[in-house]
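# Residue-level structural notes
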Amino acid sequence: MNQQHQAANQAAGQGLLERLFALQGHGTNARTEVIAGITTFLTMVYIVFVNPQILSAAGMDTQAVFVTTCLIAGIGSILMGLLANLPIALAPAMGLNAFFAFVVVAGMGYSWQVGMGTIFWGALGLLILTLLRVRYWLIANIPLTLRVGITAGIGLLIALLGLHNAGIVVASPATMVTVGNLTSLPCLLGLLGFFIICIFSARGVHSAVLIAIVVTTGLGWLFGDVTFKGFVSMPPSIAPVFGQLDLMGSLDISLAGIIFSFMLVNLFDSSGTLIGVTNRAKLADDKGHFPRMKQALLVDSVSSVGGAFMGTSSVTAFIESSSGVAVGGRTGLTAIVVGILFLLAIFFSPVAAMVPAYAAAGALIYVGVLMCSELTRVKWEDLTEAVPAFMTAVMMPFSFSITEGIAVGFISYCVMKAGTGRWREINPCVLVVALLFVLKFVWVDSH
């Protein structure tokens, strides 16, 4: 009777999963989905170590950010699985977290509360665009060359930050930047971490970033640079960051460009990832449309708004979700497994507290490599395409600003197309954005 009861319960559980996720219709089963979820989690769990490190540079409480990172990644991924039935996990975005910490707060001098407010308004703008279906229009009308330039530029900026955090590149009054002390421990371990990631990734090891962080942190401990703080503890309080954003202070007109940048970059980053992963899973059609697209875009927009309120940077779909797809993940059950694992990770905050900045530096440089690979899609033989992509990409690290890079890219696109008599290729979306940036330079930056 006991065995019959267990068999009945198992059948009921499988029936529930089938109703929720249509496993058979997607050519998968519960075991495959669980394995896919674990795989995806292992490839992206580095974010719970890297994100607190980056946001701490803005003065935010590292332990509290660790918990909010786990919470929003867990909640967002579970919502994606339940509402959109897609094998896509969400977490705070790499790149935008660095932009917030190093540019908006450290570079421009705003408090992290005001900076987090700009993330909130940018996320809210993205949510409104999603609800009004303007998001689809923007994705379809901003030229590929600008999208590629934005992606590559963010990659270069992230790589610069990684090189700086490891001490490989340092400031110099004579040459602006120069090579640091390559024999220092942070530099050596930062480089080691970077090459571990690159070599393991090239050999198809999905958890390369996590392995590099563990190895470099372990070596830092052996050399006396890292203090062991234990493995498990009750979650630290999130009070230092939860709901602490300055909504009114962040509505200053001088921050309009920052808010727009957060909204625009998150729009393309998340949308591109959703299309890329669903295409890899053979869920998307030739035009990039995939099942429950509206629900997926809504979940990632709401998650970004919630993440900013909780005290972490913009939330996005993670390209690492493709690792779970590669081992058979096809439904939202994969994302739910990822979400549950992130929620369990909350109890491992002492481990996160041990990770030094140089241990995460390799991951930043590696992300830069991946993002710059997009430049191969530019038509370099056509200067009206090459110049905007180049200007967008190089202005971000050289001006230390994603906003300025986007602005110069849109303006140079209009100038090159109009100057060569190809003004018909300038669509209204690009023209409006370029004019808004011109007004920003004239009326905001000049005063």
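Residues numbered from 1 in each chain as written. Predicted model: local features only at pLDDT ≥ 70, side-chain atom pairs only at ≥ 80, totals over all residues. Heavy atoms only, no water.

An unreviewed UniProt entry lists the chain under the name NCS2 family permease, with Aeromonas popoffii given as the organism. A UniProt comment under Subcellular location (unreviewed entry) is attached to the chain, and it reads "Cell membrane". (UniProt positions renumbered as here; feature names shortened; annotations may be inferred.)

### Some points on the environment of E425
Here E425 shows up in the loop between α18 (402-419) and α19 (428-445). For the pair formed by E425 and P143, sequence separation is 282 residues and the distance between their alpha carbons is 9.5 Å. (Helix = DSSP H or I, 4+ residues; strand = E, 2+ residues; numbered from the N terminus.)

### Some thoughts on the nonpolar core
Core analysis: the biggest nonpolar cluster contains 101 residues, and I54, F100, I406 and F410 have the highest contact counts within it. When near neighbours in sequence (up to four residues on either side) are disregarded, F100 contacts L55, A58, M60, V105, W112, G115, M116, I119 and F262. Ranked by size, the runner-up nonpolar core spans 20 residues in total, among them A296, L297, M310 and V325. (Core = buried A, V, L, I, M, F, W, Y, C linked by side-chain atoms within 4.5 Å. Buried < 20%, exposed > 50% of the residue type's maximum accessible area, 1.4 Å probe, protein only. Contact = heavy atoms within 4.5 Å.)

### Comments concerning the pairing of strand β3 (residues 176-179)
In this structure, strand β2 (residues 169-172) lies alongside β3, joined through four bridges in antiparallel fashion. When the bridges of β3 are listed, S172 appears paired with M176. (Pairing = 2+ DSSP bridges.)

### Some words on unusual backbone geometry
In the Ramachandran plot, N85 falls in the positive-phi region, its phi being about 50 degrees despite a non-glycine side chain. Along the polypeptide, N85 turns up in the loop between α4 (62-84) and β1 (90-92). A positive phi angle is found at R133, which is not glycine, with a value near 65 degrees. Relative to the helices and strands, R133 is located in the loop between α6 (112-131) and α7 (134-141).

### Structural notes on the packing of aromatic side chains
Inspection of the entire model under this criterion finds eight aromatic pairs. Summarising the aromatic geometry, the rings of F260 and F437 are spaced 5.4 Å apart at their centres and angled 75 degrees between planes, so their arrangement reads as edge-to-face. Of this pair, F260 sits in helix α11 (residues 256-280) while F437 sits in helix α19, and the two are 177 residues apart along the sequence. (Phe/Tyr/Trp six-rings, centres within 6.5 Å; stacked < 30°, edge-to-face > 60°.)

### Let's talk about the state of the cysteines
As enumerated under the stated definition, the model contains zero disulfides in all. This cysteine, C187, is not joined by any disulfide, and C198 carries the nearest cysteine sulfur, 15 Å off. Cysteine C429 is unpaired, with the sulfur of C414 as its nearest cysteine sulfur at 10 Å. For C429, a relative accessible area of 2% translates into the label buried. (Disulfide = S-S within 2.5 Å.)

### Some details on the pattern of salt bridges
Per the stated rule, a full pass over the model turns up four salt bridges. For the salt bridge of E425 with K417, the shortest nitrogen-to-oxygen distance reads 2.7 Å. Taking the shortest distance from any N to any O, the salt bridge between E425 and R422 comes out at 2.9 Å. Classification of R422 as partly exposed rests on a relative accessible area of 27%. One salt-bridge network, in which partners are shared between bridges, spans D382, E385, K417, R422 and E425. (Salt bridge = Lys/Arg side-chain N within 4 Å of Asp/Glu carboxyl O.)

### Looking at helix α8 (residues 144-165)
The end-to-end C-alpha distance of α8 is 32 Å, a good match for the 32 Å that 22 residues give at a rise of 1.5 Å each. Immediately beyond the C-terminal end of α8, within one or two residues, lies G167, with a positive phi of roughly 80 degrees. (Expected span 1.5 Å × (residues − 1).)

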